Amino acid sequence: MSTIALSEARYHPVSRLLHWAIVALILLEYPLAWLMTDHRGAPEDALAAWHIGVGTTVLTLFVLRLLWRLFKTPPPHPPMPAWQALAAQATHALLYAGFVLLPLLGWLAASAREWPVHWLGLWPLPALFPANATWAGLLGDAHQVVALGLLGLIGLHVAAALYHAFILRDGSLRRML
């Protein structure tokens, strides 16, 4: 396949829709997380409920994206040095792990705090962990650490996409637009 054909190969519209829907929800999720506790660390119920509802929606869309990817192979990457291909592969693997681990840790932490968890903000989900103040704090801390790590990976992913779009001009970003 020629470089021109590679640069024109695009992700399937369903893949693009799931990608950008998750991006939009993540842009909502991080501010909700930041604002959902008051100055004493107590949850603002409405914001916490929104944060949990958005988190379960992200998890749902991400699982759909993983299932979709089993049936629809992504387009090939443009030619790049081996280190860049390895870095892209590792970053995507860590992003995928983070998008599964983060909402599960949040669900566990909410369960340990006895906060209600609703799928898509509508249907109640079972508690994954018994009420336990010690574990609630530890799971909440782990959720926060993974959230910050995921935010860093997202920043790296965006920086790489912009590098490919504006410096290399290799068509990588157009594949997802």
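This text follows the structure it describes.
Described in the following lines is the structure provided in the data block. Keep in mind that this is a model prediction, so the values were computed, not measured. (Residues numbered from 1 in each chain as written. Predicted model: local features only at pLDDT ≥ 70, side-chain atom pairs only at ≥ 80, totals over all residues. Heavy atoms only, no water.)

Next up on the list: the overall build of the chain. Counting its secondary structure elements, the chain contains 5 helices and 2 strands. When the helices and strands of the chain are placed in sequence order, the string is α-α-α-α-β-β-α. Over its C-alpha atoms, taken along the principal directions, the chain stretches across nearly 60 × 30 × 20 Å. Per-residue burial over the chain gives 35% buried out of 177 residues. Across the chain, every contact between residues at least 6 apart in sequence was considered, and the portion connecting residues at least 24 apart equals 72%. (Helix = DSSP H or I, 4+ residues; strand = E, 2+ residues; numbered from the N terminus. Buried < 20%, exposed > 50% of the residue type's maximum accessible area, 1.4 Å probe, protein only. Contact = heavy atoms within 4.5 Å.)

Between helix H3 (residues 45–71) and helix H4 (residues 82–112), the least distance of the axes is 10 Å, while the angle of their chain directions is 145 degrees. The handedness of the crossing between H3 and H4 comes out as left-handed. Here Ile52, Gly55, Val58, Leu59, Phe62, Arg65, Leu66 and Arg69 of H3 lie close against H4, whose contacting residues are Tyr96, Phe99, Val100, Pro103, Leu104 and Ala110. Residue composition of the contact of H3 with H4, grouped by class: 11 nonpolar, 1 polar and 2 charged. (Axes fitted to C-alpha atoms, helices over the stretch in contact; angles between N-to-C directions. Left-handed = near helix turned anticlockwise from the far one by under 90°. Nonpolar A, V, L, I, M, F, W, Y, C, P; charged D, E, K, R; others polar.)

Nonpolar side chains collect at one region of the surface, where Val158, Leu162, Tyr163, Phe166, Ile167 and Leu168 lie side by side and expose about 570 Å² of accessible area between them. Relative to the helices and strands, Leu162 resides in helix H5 (residues 133–168). Of the residues examined, Leu162 reaches a relative accessible area of 40% and is grouped as partly exposed. (Patch = residues over 30% accessible without salt bridge, like charges linked within 9 Å, V, L, I, M, F, W, Y side chains within 5 Å. Areas by Shrake-Rupley, 256 points an atom, 1.4 Å probe, with all protein chains shown as cover. Salt bridge = Lys/Arg side-chain N within 4 Å of Asp/Glu carboxyl O.)

Let us look at the packing of aromatic side chains. Going through the model one piece at a time under the given rule, you end up with 4 aromatic pairs. Ring centres of Phe129 and Trp135 lie 5.7 Å apart, and the angle between their planes is 55 degrees; on these two criteria the pair is classed as tilted. Within the aromatic cluster, the residues linked to one another by ring pairs are Phe62, Tyr96 and Phe99. The lysine or arginine in question, Arg113, covers the ring of Trp115, its NZ or CZ lying 5.3 Å from the ring centre. (Phe/Tyr/Trp six-rings, centres within 6.5 Å; stacked < 30°, edge-to-face > 60°. Lys NZ or Arg CZ within 6 Å of the ring centre and 35° of its normal.)

Relative to the elements of secondary structure, Leu122 occurs in the loop between strand S1 (118–119) and strand S2 (123–124). Distance from Leu122 to Gly53, taken between C-alpha atoms, is 7.7 Å for residues 69 residues apart in sequence.

What follows is about the side chain of Arg16. Along the chain, Arg16 turns up in helix H2 (residues 13–35). A residue is classified by how much of its surface remains accessible, and Arg16, at 18% relative accessible area, is buried. Filtering out sequence-adjacent residues up to four positions away, Arg16 remains in contact with Arg10, Tyr11, Arg175, Met176 and Leu177.

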